[in-house]
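Observations on the three-dimensional arrangement
Residue-level listing of the chains:
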Amino acid sequence: MLRTMNKYLLLPVLAGSLILTGCGKKDEAAAPTASAAAPAVASLEFTANDSMKYNVTRVEVTAGQDVKVSLTNMGSIPKAAMAHNWVLLKKGVEPKAFADAAVTAAATEYIPASMADQIIAHTKLLGPKQSDEISFKAPTEPGEYHFLCSFPAHFLSGMTGVLVVK
Ligand SMILES: [Cu+2]
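Residues numbered from 1 in each chain as written. Predicted model: local features only at pLDDT ≥ 70, side-chain atom pairs only at ≥ 80, totals over all residues. Heavy atoms only, no water.

**Topic: the pattern of salt bridges**
Formally: A side-chain nitrogen of Lys or Arg and a carboxyl oxygen of Asp or Glu constitute a salt bridge if their distance falls within 4 Å. For helices the rule is a DSSP run of H or I covering at least 4 residues; for strands it is a run of E covering at least 2, with both sets numbered from the N terminus onward. Each residue's exposure class comes from its accessible area (1.4 Å probe, protein chains only) as a fraction of the maximum for that residue type: buried when under 20%, exposed when over 50%, partly exposed otherwise.
In total, this model carries six salt bridges according to the counting rule given. Note that Lys166 and Glu60 form a salt bridge whose closest N and O atoms lie 3.7 Å from each other. With a gap of 106 residues between them, Lys166 in the segment after β8 (160-165) and Glu60 in strand β2 (residues 58-61) connect regions that are remote in the sequence. Looking at Lys166, the relative accessible area reads 56%, which means it is exposed. Given the relative accessible area of 47%, Glu60 is considered partly exposed.

The following block contains the structure:
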């Protein structure tokens, strides 16, 4: 009986000290980062489907910002016939030129080696129900940057868009 009572008496004390410890730690950790002025991460979620369309074709980020891009292929057609990626090109690179070069780059999942230096970031090539997530720094130069799916014919079907750096 005494044991049981002790347990009940101890519980609120333990809970109280846990909460206090938690708060203390949080304050200590928050203080230095609050003044570091690191911009929040821009999280961009893209989906693609069997109609060869992205859900979003225009997105905005801040110059130099950390960007996280996720791409999910919602379709069901097998990968060999219908796969998607998300390729962000450097400023001034023509997406049509990239798409044309990509047609013969099946061995490298339609990322042509000859144009590797024209890419800022890209996801993997995704079959049905697959997804991928990438992180990169937004360009520091404001302007419009094209992105596209480089699977054959998808750019021509409208699988492209613009990332605006402000
Ligand atoms: Cu595609």
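Now, onward.
**Notes on the pairing of strand β3 (residues 66-73)**
Note the cut-off: The rule for pairing is simple: two strands pair if DSSP sees at least two bridges between them.
Here strand β1 (residues 42-48) pairs with β3 via seven bridges, running parallel. Paired with Phe46 across the strands is Leu71, a residue of β3. Pairing geometry for β3 and strand β6 (residues 131-137), over seven bridges, is antiparallel. Note on β6: the bridge partner recorded for Thr72 is Ser131.

**A few points about the sheet that holds strand β4 (residues 87-89)**
Applied cut-off: Simply put, an axis is a line fit to the C-alpha atoms, just over the touching stretch for a helix, and the angle between two N-to-C directions goes from 0 to 180 degrees.
Here five strands make up an open sheet; going across it, the order is β2-β8-β7-β4-β5 and the pairing mixed. Looking at which strands have only one partner, the edges of the open sheet turn out to be β2 and β5 (119-122). With strand direction ignored, the average angle separating the axes of adjacent strands in the sheet is 25°. Across two bridges, β4 lies against strand β7 (residues 143-148) in antiparallel orientation.

**Some thoughts on the sheet that holds β3**
As summarised here, the arrangement of the three strands in space is β1-β3-β6, forming an open sheet in which the pairing is mixed. In this open sheet, the two strands that pair with only one neighbour each are β1 and β6. Taken over all neighbouring pairs, the strand axes of this sheet differ in orientation by 15° on average, direction set aside.

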